[in-house]
Amino acid sequence: MPPAHPFDFDAWETDLGGDKPKEECGIFGVIGTADAANFVALGLHALQHRGQEAGGIVCHDPEQGFNSARRFGYVRDNFTKQSLMETLPGPLAIGHVRYSTAGSKGHTAIRDVQPFFGEFSMGGAAIAHNGNITNADALRKELIERGSIFQSSSDSECIIHLMARSLQRRVPERMMDALRRVEGAFSVVAMTRTKLIGVRDPLGVRPLVLGKIGEGWALSSETCALDIIGAEFVREVEPGEMVVIEDGEVKSLRPFQPARPRFCIFEHVYFSRPDSILNGQSVYTTRRQIGVELAREAPVEADIVCPVPDSGTPAAIGFSQESGIPYAMGIIRNQYMGRTFIEPTEQIRNMGVRLKLNVNRALIEGKRVILVDDSVVRGTTSRKIKEMILDAGAKEVHFRIASPPTAWPCFYGVDTPQREKLLAATMSEEEMRLHLAVDSLKFITLDGLYRAVGEAKGRDPNAPQYCDACFSGDYPVEPADQINKGFELKAAE
């Protein structure tokens, strides 16, 4: 059924974006600069791709104390207004952009918007979280039975309640107590009246980086957000590390037992911006190399290589360079998809994907076309794009996918459909090709993806170097809540 309004961005994200994993969340914090909230707003703007539902900022000023603002919608529509930013003074602030991965998905209430704030016996503290707590249901049940009163449906609020129950005297120690009870994947930025705190889970599934800005410091989900505020990238916060920044000094603590890191490989494929650096590697360079590996693994005779905008572009460039087949912008994305005053007719409502993407007919007509996309989840968007390409007069359509088949849901902070709705969970590659009705369909192999991210020997099946559960079904942290709801893990081979 078409959305009620063709220019309703949220409705089309449900229809078109529903075929893609939804980004997680973005977190950012600054200490030691005048008007820290302004820097946080800029950082959140750079991280907008990680969450578009809502955003929030909490700050602290020595004279005015803690202040906060939480708003629905884009950073640019809220945190660029002088009247709002004047209410967020002080040299210390943290912020969060949200796409709901737990709680009321798609129906965010303002109480679910982070950062969360709590008043403790030793003073206030705020926390923002990227990731997902896989034992949140059990923790919430235990906390409620012991008298905790929850204000949101977010799993992140469990951390605040666990901190409140800790017997430790200082906030960093209380946070250590709380996070030791938490399972899953998390990167956290938090603040007290005088401290900025950053933590990554023991496996380092979700990213977090440290930057220097003048005499101050910044924490961010990605390096691209450091660039926008003119901060120097210092290093990644290491898996299992807590950094506590106060009075211009960075203290490193190790609250967890050592573990072998399992960074999310899909950050390289899709989530992070191509101008970010992950694990010392350029995301753009990695995605281009994915295209190179894909061209080696799945060559095909064709006339042009076209990316599916925008995330398929670097891989398409790599595929073109390796194969020698010319690269062409055969699909153009409308960058200004949004709301309008036009009252739609039924004919306009049925235009579907064409409102967001349009085929460059002059390039496509009469050509054998390779379409390079980052992933296929449900296949709905892929079918629509294929039909558009054929309508424009293409002779053949060949899909090349810059990730392995997504056959398992993610429980670590990415909103993927239930397993039965994932195309690759119920179909072979050939069955998917027939379902999409294309001349050929090939995904990069898991080993090929690992080679592209710098693992020359591919994936070590006995000790995987990354979290790749969405492709392999190998969950590095048991999703306890989901198992209790009946989710079945992959059978041992």
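Read on for an overview of the structure. (Residues numbered from 1 in each chain as written. Predicted model: local features only at pLDDT ≥ 70, side-chain atom pairs only at ≥ 80, totals over all residues. Heavy atoms only, no water.)

Right, let's talk about the sheet that holds strand E17 (residues 304–307) for a bit. The strands that make up a sheet are held in pairs by hydrogen bonds between backbone atoms, and each pair lies either parallel or antiparallel. Reading across from one edge, E17-E20-E21-E22 is the order of the four strands in this open sheet, with parallel pairing throughout. Here the strands that pair on one side only, and so sit at the sheet edges, are E17 and strand E22 (440–443). Adjacent strand axes in the sheet meet at a mean angle of 20°, parallel and antiparallel pairs treated alike. Relative to strand E20 (residues 368–373), E17 is paired through four bridges, and the arrangement is parallel. Residue pairing across strands places Cys-306 opposite Leu-371, the latter belonging to E20. (Pairing = 2+ DSSP bridges. Helix = DSSP H or I, 4+ residues; strand = E, 2+ residues; numbered from the N terminus. Axes fitted to C-alpha atoms, helices over the stretch in contact; angles between N-to-C directions.)

All right, on to the side chain of Ser-220 then. Tracing the chain through its elements places Ser-220 in strand E10 (residues 216–220). At 2.7 Å, the side chain of Ser-220 and the backbone oxygen of Glu-222 are in polar contact. Discounting residues that sit within four places of it in the chain, Ser-220 has contacts with Ile-27, Phe-28, Leu-47, Leu-208, Val-209, Ala-225 and Leu-226. (Polar contact = N/O pair within 3.5 Å; in protein donor to acceptor, adjacent residues only side chain to side chain. Contact = heavy atoms within 4.5 Å.)

This next bit is on helix H14 (residues 380–391). Quick reminder: α-helices carry 3.6 residues per turn. Residues three or four places apart thus point the same way. Compared with an ideal rise of 1.5 Å per residue, which puts twelve residues at 16 Å, H14 spans 17 Å between its outermost C-alpha atoms and is within 8% of the ideal. Every buried residue of H14 is listed here: Thr-381, Ser-382, Ile-385, Lys-386, Met-388 and Ile-389. Each buried residue of H14 sits inside an arc of 160° when the element is viewed along its axis, so together they form one side. Downstream of H14 by a residue or two, Gly-393 has a phi angle that is positive, lying close to 100°. (Expected span 1.5 Å × (residues − 1). Buried < 20%, exposed > 50% of the residue type's maximum accessible area, 1.4 Å probe, protein only. Arc of directions from axis to C-beta.)

The strand order across the open sheet built from six strands is E5-E6-E7-E8-E12-E13, with neighbouring strands paired in antiparallel fashion. Since the sheet does not close on itself, it has two edges, and those belong to strand E5 (116–120) and strand E13 (249–253), each with one partner. Neighbouring strand axes in the sheet, compared pairwise and without regard to direction, differ in orientation by 20° on average. Where E5 meets strand E6 (residues 123–133), five bridges bridge the pair, whose relative direction is antiparallel. What sits directly across from Glu-119, in E6, is Gly-124. Set on the sheet, helix H6 (residues 157–165) makes contact with E5, E6 and strand E7 (184–191); between it and E5 the angle comes to about 10°.

Another aspect to go through is the packing of aromatic side chains. Counted according to the given criterion, the structure contains 13 aromatic pairs. Ring geometry for Tyr-270 against Phe-271: centres 5.4 Å apart, planes inclined by 70°, an arrangement best described as edge-to-face. Overall, the relative accessible area of 3% leaves Phe-271 in the buried class. Pairwise contacts between aromatic rings join Trp-408, Phe-411, Tyr-412, Tyr-475 and Phe-487 into one cluster. Over the face of the ring belonging to Trp-408 we find Arg-419, whose NZ or CZ atom lies 3.6 Å from the ring centre. (Phe/Tyr/Trp six-rings, centres within 6.5 Å; stacked < 30°, edge-to-face > 60°. Lys NZ or Arg CZ within 6 Å of the ring centre and 35° of its normal.)

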